[in-house]
Protein chains: 2
Amino acid sequence: MNFPLEHLENFTKNILLKIGCPENDAEVATKVLLSADLRGVDSHGVARLSGYVRLWEAKRINPTPSIRIVHESPSTAVVDGDGGLGLVVAPHAMNVAITKAKTAGTGWVSVKNSNHYGIAGIHAMQALQHDMVGISLTNASPLVSPTFSKERLLGTNPIAVAIPADKEPPFVLDMATTTAANGKLEILQRKGMEAPLGWIQDKDGQPTNNPYGVKEGGALLPLGGDREHGSHKGYGLGAIVDIFSAVFSGANYGPWVPPFVAFLEPDPNPVGEGLGHFFGAMRMDAFRPADEFKSHMDNWIRRFRSAQPVPGQDKVLIPGDPERELESERKLNGIPILAPVVEDLKALGKKLGVSW
Amino acid sequence: MNFPLEHLENFTKNILLKIGCPENDAEVATKVLLSADLRGVDSHGVARLSGYVRLWEAKRINPTPSIRIVHESPSTAVVDGDGGLGLVVAPHAMNVAITKAKTAGTGWVSVKNSNHYGIAGIHAMQALQHDMVGISLTNASPLVSPTFSKERLLGTNPIAVAIPADKEPPFVLDMATTTAANGKLEILQRKGMEAPLGWIQDKDGQPTNNPYGVKEGGALLPLGGDREHGSHKGYGLGAIVDIFSAVFSGANYGPWVPPFVAFLEPDPNPVGEGLGHFFGAMRMDAFRPADEFKSHMDNWIRRFRSAQPVPGQDKVLIPGDPERELESERKLNGIPILAPVVEDLKALGKKLGVSW
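Residues numbered from 1 in each chain as written. Chains lettered and ligands numbered in written order. Predicted model: local features only at pLDDT ≥ 70, side-chain atom pairs only at ≥ 80, totals over all residues. Heavy atoms only, no water.

Some words on the overall build of chain A
Helix and strand counts for chain A stand at 10 helices and 12 strands. For 356 residues, the compact-globule estimate of 2.2 N^0.38 gives 21 Å, and chain A sits close to it at 20 Å. Taken across its 356 residues, chain A has 62% of its residues classed as buried. Sequence-distant contacts in chain A: of pairs separated by 6 or more residues, those separated by 24 or more amount to 65%. For chain A, the exposed surface amounts to about 13300 Å²; the carbon and sulfur share of it is 53%. With 35 positive and 39 negative side-chain charges, chain A shows a separation of 1 Å between the mean positions of the two kinds. (Helix = DSSP H or I, 4+ residues; strand = E, 2+ residues; numbered from the N terminus. Rg over C-alpha atoms; globule rule 2.2 N^0.38 Å. Buried < 20%, exposed > 50% of the residue type's maximum accessible area, 1.4 Å probe, protein only. Contact = heavy atoms within 4.5 Å. Areas by Shrake-Rupley, 256 points an atom, 1.4 Å probe, with all protein chains shown as cover. Lys, Arg positive; Asp, Glu negative; His and termini not counted. Charge placed at Lys NZ, Arg CZ, Asp CG, Glu CD.)

In structure tokens form, the structure reads like this:
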């Protein structure tokens, strides 16, 4: 079933108003949440709305946070999200990074006391309109086992980097530091297909094809999949994201990161506050004149896009190409939402008195 | 054959003096080069010395560079390496980043007109003694094909991040953005073994087990190995390293990066000057008090190190553990150098009048 963006926006905003978000916060959060659906990351969009509401019901989301800088230097800040929706805290903190970059050349903000912030890429892209490079990292509930570990100690901890070009669309990398995202397992489950080796391990720490392996106590694997294929590198990257997001700011890290699902309780002995993010903004002209920078980015993009493809493939893609194409298409034709998600949203609307 | 560090240091320094490096530069470059041998990255150490000399003979290395800042903001700089040895340019540029961080909280330096800089990690580690987090990236000669590309467009483009702790040794990630480094292929060639699938493709862009695949016109593959296992992520990371190192600074990027080997000519139509690096330094206390930061890093490291291992493995490692253990061992027992490398170094010494 396809729904126009506007329909989903109105519904989402009204739900957020019902849980007590101020008008402006509800609007910002709606844009961030729906950017996931527009860009094809369906697992991180409106399908999560009732998850956020359940966290609010469990008093684990503060709808009226007082988001503030608690530590700073000319090019850095630590932001306390005051338990607010990550969807609201993240754009605020990214804005602090952008403001710092205007005077210091770059701005770097680590955030504590936040929640799930939607897709990483949309926050990095906030820098583009200021002729800046944007960076966005976040830690997340532990679902990933480091190389050789039976225990889950890391989230899918994404890395997003957005780089402006001139005539070409921007370069936008937005990647989990795992081989495959959890959403891809759900697709395999629905289709009754096996997972490729290298995606997950079972509860005993053994490689498995079972797409339910994570649900049954196993774990997602770091990018690389196994030691021979470089999983220690994916683990290292996920660790960096965790440390920059939480050890820098005073949020929870590793296995202490609070779960997104409300039915699991956060650790009773936390090592910090909430979950953490990390944002960066770099003014292009802090390195070289912006027009020079952008024209070389155009050249970079064109050279890579025109590379000779391997047999059976049409072309080499630039990070951000698939999401941008999907965004154009979905703005035009609406956003496909799975029937169970529609049912869930209708029930949510009924409960909070918001018409679908 | 094992050689004491001091023997290799004296020889290396004397060779560098013979090609015209000033005393201090020769000392700095020797430390950087030999840190690779000490930390077990034998492919990037003294085995490369005659390669650097051949580049100098081809007039592609300037032994007396005037390294200078050509653009800056409070937290950034672009450094022109003036064609110097990367082994000398990199510590200089990292020092600029550290100096910026002292006043601005963080420092970010992109470098053009440089050469191969040894191992990435040693430059990131330069920040540790200043209670700073260090970051080091570099682009390199094109040996890697992006996902779906038959052409080689990227180098092994490493990412290194060094993070100080208190009682625990520092966290030091130093990783190529490929599944496997070129050095590992050489080991397989010597042993007559096949390469695992996911490491390389052949000259037609097809997966291959042939450990000579790259030499025969194929390419290394980005971390992930194939699209199903996330190679588009390894490609995206390698691309970021390339852009930060060269589009930021005005160095050559992608397929234009000059080859390390002197028998291959650089592109006659370069898009920039030399190859590029990128360095970052972040003061811990630009985010939170340094003692708080370091004690949480200790806690992070201890929790991960004590994770329950999968069957058949002793323990979960922290990035930097294997290299540090090797460094202690080699400082004590000397550095193993392969016979052909010893012969090569002896010949080099003879040619330049330096006794082995």
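Details of helix H3 (residues 49-57) of chain A
Residues and elements named next belong to chain A. Within the sequence span of H3, burial applies to Leu49, Ser50, Gly51, Tyr52, Val53 and Leu55. Its buried side turned inward, H3 meets helix H1 (5-18), helix H2 (23-38), helix H4 (86-104) and helix H10 (339-352). Downstream of H3 by one or two residues, Lys59 has phi in the positive range, about 60 degrees.

Observations regarding the domain arrangement of chain A
One can read the domain layout of chain A as domain 1 (1-63 + 338-356), domain 2 (65-178 + 228-319) and domain 3 (180-220). For domain 1 of chain A versus domain 3 of chain A, the distance between C-alpha centres works out to 28 Å. (Domains from an automatic or database assignment.)

Quick look at the sheet that holds strand S11 (residues 275-283) of chain B
Residues and elements named next belong to chain B. Within the open sheet, the 7 strands sit side by side as S2-S3-S4-S11-S5-S6-S7. Their pairing is mixed. Looking at strand neighbours, the two that pair on one side only are strand S2 (68-73) and strand S7 (171-175), the edges of this open sheet. The average angle at which neighbouring strand axes cross in this sheet is 15 degrees, direction not considered. By the bridge criterion, 5 bridges tie S2 to strand S3 (residues 76-80) in an arrangement that is antiparallel. Bridge pairing links His71 to Val78 in S3. (Pairing = 2+ DSSP bridges. Axes fitted to C-alpha atoms, helices over the stretch in contact; angles between N-to-C directions.)

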